[in-house]
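Coordinate analysis (summary)
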Amino acid sequence: MDSLILILGWVGLYAPLALGAIGSMIGCVRAGSAACGALLEVESGYGRYIGVAAMPSSQTIYGIVVTMALRRELTLENSPGIFGLGFLAGLAMLFGAIAQGDSCAASINVSKSKLDIFGISLAPAALVEGFSVFAFVFALVLAAGIPK
């Protein structure tokens, strides 16, 4: 039983980075596919589509920081907290990146036919980013309370 608790601690330690990266990959692929399609339909402004397609990658950065904040010697006392915090923060980043990728794809699709709404079409993606930032900040605050 003790080994299982320590294993869960290791899972929780790496979960924010791994799940954030998986979500970023999926989100960037979804937005990137829309960007590639837009490149065939517009004559200029390619950079804005590629930039938007990269937006979901921020959750990987958040995952790296949370993983580093959780880094400590794993014990039977702190492993459950590290697992719970790391796994749930990682899930928030995973789903946040996927949702942001979908929002970015929608923004790319709508702005290729009506460029003047490009900026406002990014609002949903920015809102999703805000929720990821909430999960990130609170994970950092709570990580400080987990015993070393």
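Everything numeric here is computed off the predicted structure, so don't read it as measured data.

Analysis parameters
- Residues numbered from 1 in each chain as written.
- Predicted model: local features only at pLDDT ≥ 70, side-chain atom pairs only at ≥ 80, totals over all residues.
- Heavy atoms only, no water.
- Axes fitted to C-alpha atoms, helices over the stretch in contact; angles between N-to-C directions.
- Helix = DSSP H or I, 4+ residues; strand = E, 2+ residues; numbered from the N terminus.
- Parallel < 35°, antiparallel > 145°, perpendicular 65-115°, else oblique.
- Contact = heavy atoms within 4.5 Å.
- Patch = residues over 30% accessible without salt bridge, like charges linked within 9 Å, V, L, I, M, F, W, Y side chains within 5 Å.
- Areas by Shrake-Rupley, 256 points an atom, 1.4 Å probe, with all protein chains shown as cover.
- Salt bridge = Lys/Arg side-chain N within 4 Å of Asp/Glu carboxyl O.
- Buried < 20%, exposed > 50% of the residue type's maximum accessible area, 1.4 Å probe, protein only.
- Polar contact = N/O pair within 3.5 Å; in protein donor to acceptor, adjacent residues only side chain to side chain.
- Nonpolar A, V, L, I, M, F, W, Y, C, P; charged D, E, K, R; others polar.
- Disulfide = S-S within 2.5 Å.
- Phe/Tyr/Trp six-rings, centres within 6.5 Å; stacked < 30°, edge-to-face > 60°.
- Lys NZ or Arg CZ within 6 Å of the ring centre and 35° of its normal.

As a further point, take the packing of helix 1 (residues 2-41) against helix 3 (residues 58-70). What describes two packed helices is the angle between their axes and the distance between those same axes. For the pair helix 1 and helix 3, the least separation of the axes is 8 Å and the interaxial angle reads 175°. Here helix 3 runs roughly antiparallel to helix 1, going by the angle between their axes. Between helix 1 and helix 3, the contacting residues are Gly12, Leu13, Tyr14, Pro16, Leu17, Gly20, Ala21 and Ser24 on the first element and Gln59, Thr60, Gly63, Ile64, Val66, Thr67 and Leu70 on the second.

Together, Leu127, Phe131, Phe134, Val137, Phe138, Val141 and Leu142 make up an exposed nonpolar region whose accessible area comes to about 760 Å². Residue position: Phe134 is located in helix 6 (residues 123-143). For Phe134, a relative accessible area of 51% corresponds to the exposed category.

Before going further, it helps to examine the side chain of Ser111. Inspection of the secondary structure assignment puts Ser111 in helix 4 (residues 79-111). A distance of 2.9 Å separates a polar atom in the side chain of Ser111 from the backbone oxygen of Ser107. Beyond its immediate stretch of four places on either side in the chain, Ser111 contacts Tyr49, Phe118 and Ser121.

In this section: the packing of helix 3 against helix 4. Interaxial distance between helix 3 and helix 4 falls to 9 Å at its minimum, and their mutual angle equals 175°. Classified by the angle their axes make, helix 3 and helix 4 are roughly antiparallel. Where helix 3 approaches helix 4, its residues Ser58, Gln59, Tyr62, Gly63, Val66 and Leu70 are matched on the opposing element by Ile82, Leu85, Gly86, Ala89, Met93, Gly96, Ala97 and Gln100. Tallied by class, the residues present in the contact of helix 3 with helix 4 amount to eight nonpolar, six polar and no charged.

What follows covers the state of the cysteines. For the structure shown, the criterion picks out zero disulfides. Cysteine Cys28 remains unbridged, with the sulfur of Cys104 as its closest cysteine sulfur at 8.3 Å.

Okay, the packing of aromatic side chains next. Using the criterion set out here, one finds four aromatic pairs in the structure. Both rings, one in Phe83 and one in Phe87, keep their centres 5.5 Å apart while their planes meet at 10°; by these two values the pair is stacked. Separated by four residues within a single helix, Phe83 and Phe87 lie in helix 4, roughly one turn from each other. Phe83 gets classed as partly exposed once you look at its relative accessible area, which sits at 24%. When the ring centre of Phe118 is taken as origin, the NZ or CZ atom of Arg48, which lies over that ring, is 5.5 Å away.

With that out of the way, let us pick up the pattern of salt bridges. Applying the stated criterion across every chain yields a total of two salt bridges. Between Arg30 and Asp102 there is a salt bridge, with the nearest N and O atoms lying 3.0 Å from each other. Pair noted here: Arg30 is in helix 1 and Asp102 is in helix 4, with a separation of 72 residues, a long-range link. Taking the relative accessible area as the measure of exposure, Arg30 reaches 38% and is therefore partly exposed. A salt bridge links Glu41 to Lys112; its shortest N-O distance comes to 3.3 Å. Of this pair, Glu41 sits in helix 1 while Lys112 is found in the loop between helix 4 and helix 5 (118-121), placing the two residues 71 residues apart along the sequence. The class for Lys112 is partly exposed, based on a relative accessible area of 25%.

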